[in-house]
Structures are given as C-alpha cells and as structure tokens.
Amino acid sequence: MAVTSIWAVHHSVKEVLDYAANPDKTENPNVDDLRQLMDYAENPTKTEQRYLVSGVNCLPELAYERMTETKRRYGKTGGIVAYHGYMSFKPGEVTPEQCHALGVELARRLWGEEYEVLVASHRDHDHLHTHYVINSVSFKNGKKFRCPPTYHDVVMAPAADELCREHGLSVIEKPQNRRSPYVAYMAEKQGKPSHRTLLKLDIDDAIRDCILPSHLPYALERRGYTYIRGNRYQHPSVMAKGWDRPVRIDSLGKGYTAEAIERRIMANGRTPRYPYRPTHPPLHDIWEKHRRREDEQIGVIGLILLLVLELFGIDTRGNPLPSENYQEPLSPAMRQEQIYITRYLDTVNLINRNALSNYEKVNEFIATKEAELEDWLALRNKVDNKRRRATTDEERADCSRKRKAITAEIKKLRHDINLAKDIFPMLDRLKEKLRIEMETEQEMFPRETGAKTQTKTKRNEERER
C-alpha cells in the first residue's frame, strides 16, 4: 500500500526547506535550495550510508551538478527549481531493498524519458518511504515539468497503485480525502466555533498530511491558504482570499508555535495517509444541478441560500445531505461562513413560509410586519395600563398572562423583521463569498470550471438580476 505526494520547490521560498536547512542539521545553511533538498534526501543516517540512493538519468553523486548544468544549458535557472515527491509504504509490508526498487521503478515510469531524478529511500520511521527530487527542466528538450493540481490524483497515485498491484502489495481502494462536514463537528460540541476554531481545524488537518515541517506550506495551500513568512512577518502566518489581513499561526495557542508544529509533524504516527486533495469543485457541481430552477418559485434569494447550505452539506431543515462524496467548500472564506448556519436556516425558513422570492416581496413583508408590530405594541400598552389600574390580584394575574402572550408575539415579529431586513446585506456578503469560492475552484479544477461554464454562469446571473 503506497501513499504518494509531490510538491514544487521554488528557489526563493526558503521556508519550503526549513527543516533540511536547519543549522543544527547541516554544516552550511546557506547552500542553495536544490543542494539542501538533495542533502536531506541523501542523508546517510536514513539511507543506510547512501546504499539506498539511486539516480535516474544521472549518477546520484553527480545529480546536483547534472541538474544545474541542464538548467544552464537551456537558460531556465529561475522559478521552480525542482519537485519533491515521496512514496510511503505500510509498516512491515516491504523490505528496505524492495521499497527502494519500487521507488526507482516508479521514477523510471513517470519521469525516466525526459527528467533527471534523485531517488533516496529512508528507513528512519516505521513506514519505509522514498523521496524523489525531480529536475524541473528536461535534459532532453529543455521543457519545464508541468505539475497541475490534478497531477497527483490523475498520474502519480494511479501509477503507484498499478506498481503495487503488480508486486502483490495492498492498495488503498477508497482513500479518505477529508473529515466530515463542519456541521457534524459543530453538532458534537457545545457552543459555536469561531473563525479561529475553524482555522485551527484546517491547520490540524494539514499537519497530519506532512512528513516534514517544510511540507506544511503546501498542505495549507491545498486548503486554500497562502503561507506567509518573510521580512514583513516575524512569525509564520496564513492569508486567504477575502481576508483583510493575515493571521499569525502562533496566536492560535501553545500547540501552534513553529517549534510545537515541528514536534507534532515529526511525532506523527506515520500511518499511510493520502494527502488532502479536493475531489471535485463543489460549487460548480451544485450550480450545474440548480441553475435551471429559475422557473420555480424559489427565486434568486432562495437559490443563493440553497447553494450555500448544500455547500455546507445540509438541507433547508438542517439535516445532513445523503452524499458519500461530500466535498466541503474549497475556499477558507466560504468554509468559515458555516458558523452562521443557524442564521441561514432561519432565513431560508422565513423565505419559504412567506414566498419571499424577490426584492418587492421582501419589502412588502417588512412593511406588513412592522404595521402588525405597532398594533401589538399598542395592545401591550393597553394591557399595561389596565394592570396598573387593577384592584384585585386576579385581575393583575390575568393582565400579566395576557402581557406575556403579547410579548411572545412581539418577539417573533421582531425576529422575522430583523431576518428580513438582513436578507439583502446577507446576500451581498454571500455573493462575494461565492465569487471567491468559484475563483478558488477554477484555480484548482480549470478543466471542470472552464471558460464555457463561466460564460453560462455569467449569462444566468445577468438573467436572474
């Protein structure tokens, strides 16, 4: 059973290789990133004194020189300098020699025709695993290696599974891609989680994906975050679309300092786990299902709220939708809207009960309910005056009962009026969140959410407006 993953390495992104470049672990922390990455992959304490190190299209001891020469020959020394991948096996399923042989074979199948690859197998954990350092420039024609977001799921993982089957090894047929919807988490806890709680959940999940601390930026990127660490930020921070400013990770608590996160990553149980990758663009799929509902009495207001609730994995009654392939929103901005689920459900129920499908009906409803509210307030004043003039305890008790019933009706009216008045500000906020979600999905799934779909979406939005 092999677990695989792959990351890009940029020459200007030092934090990618913080672990390998740690001054306590290397004599020269100023060596360039490609050399640092190779030094980590070839660490003799992990590779049986370099016995389990090989090269594809290069000698392992000359891999660095060969890769840099290829870059200079074609004038492509900047940008992404290499890709760092790994393949990990279930503890006890393969020997170190088998692990390395399978690692070399996978490298030959995937990259052997065009790219130089350093292959190094480590045995410093219970699970044996192989690291790959893949030159980003082809020695054959100078073309840059292309690694879209779907590369792992479409190319690398299927190739590794096929290799395992050929050698009689187990394969994860249905990898676990994500935790349950946040709704389930919220139902299990008392009180409402905050934005910071949801951010901590994402970071916790990202940490579980990492084999090295240097992998954390990429694990966060898969969840829609940008990892920030530079001269302007003394502490590691994350930023996401729709946020006004970044959030310092170490401000989330004791378990989120740089040192604590490194300890958590290195202390992982190392059970084979597929790194999180979205399975499909959820908003795009939900929109394709509902975009022709304009002839029904749902209206654009109900449609937007319906889309949001389905993104959260629930129906208009708050019940989980029956879906084995639930994919929560891809953008943190939309995921964090889930703390307002109760408000959205109340609004949907108000809209459905009163057929508030457009702007005019909402304003008419508000005017009607405000007039009713005035009547109930006037009636309560009369009851209060009568109670003040009451001469017996029975009369006062009767007035108190009436006042309590009237107050309950006033409370309901005020609640509905406030919900109705908040509908359009809520829709403006949700439209912006949905825009961010669609942009994120287009970046992660360019084929599924291509130009044709964008044109259809724009045309339907214009017709609905």
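Residues numbered from 1 in each chain as written. Predicted model: local features only at pLDDT ≥ 70, side-chain atom pairs only at ≥ 80, totals over all residues. Heavy atoms only, no water.

Caption draft 1: The packing of aromatic side chains, seen in detail. The tally for this structure, following the rule as stated, stands at 8 aromatic pairs. Each ring, one from Tyr340 and one from Tyr344, has its centre 6.5 Å from the other, and the planes form 70 degrees; the classification is edge-to-face. Relative accessible area serves as the criterion here: at 32%, Tyr340 is assigned to the partly exposed category. You can call Tyr344 buried: its relative accessible area is 1%. Judged by centre distance (5.0 Å) and plane angle (50 degrees), the ring pair of Tyr359 and Phe424 falls under tilted. Taken together, the positions of Tyr359 in helix H14 (residues 359–389) and Phe424 in helix H16 (residues 423–444) put the pair 65 residues apart, joining distant regions of the chain. Taking relative accessible area as the criterion, Tyr359 reaches 48% and is therefore assigned partly exposed. Aromatic ring contacts, followed pair by pair, group Tyr83, Tyr115, Phe145 and Tyr151 into a single cluster. (Phe/Tyr/Trp six-rings, centres within 6.5 Å; stacked < 30°, edge-to-face > 60°. Buried < 20%, exposed > 50% of the residue type's maximum accessible area, 1.4 Å probe, protein only. Helix = DSSP H or I, 4+ residues; strand = E, 2+ residues; numbered from the N terminus.)

Caption draft 2: How the structure looks around helix H9 (residues 258–266). Listed in full, the buried residues belonging to H9 are Ala260, Ile261 and Ile265. Relative to the axis of H9, the buried residues are bounded by an arc of 135 degrees and lie together on one face. Seen from the open side of H9, the exposed residues pointing more than 90 degrees away from its buried face are Glu259 and Arg263. Where H9 is buried, its residues touch helix H7 (195–209) and helix H8 (216–221). (Arc of directions from axis to C-beta. Contact = heavy atoms within 4.5 Å.)

Caption draft 3: Inspection of the pattern of salt bridges at higher detail. All told, the structure shown has 26 salt bridges when counted by the stated rule. A salt bridge links Arg353 to Asp416; the shortest N-O distance between them is 3.7 Å. Of this pair, Arg353 sits in helix H13 (residues 341–354) while Asp416 is found in helix H15 (residues 393–421), placing the two residues 63 residues apart along the sequence. Residue classification places Asp416 among the buried residues on the basis of a relative accessible area of 16%. Taking the shortest distance from any N to any O, the salt bridge between Asp393 and Arg396 comes out at 2.5 Å. Here Arg396 and Asp393 lie together in helix H15, a separation of 3 residues that amounts to about one turn. Connected through salt bridges with shared partners, the residues Lys241, Glu432, Arg435, Glu439 and Glu443 form a single ionic network. (Salt bridge = Lys/Arg side-chain N within 4 Å of Asp/Glu carboxyl O.)

Caption draft 4: Structural view of the environment of Arg291. One can find Arg291 in the loop between helix H10 (282–290) and helix H11 (299–311). For Arg291, a relative accessible area of 7% translates into the label buried. Sequence separation between Arg291 and Leu307 is 16 residues; the distance between their C-alpha atoms is 9.9 Å.

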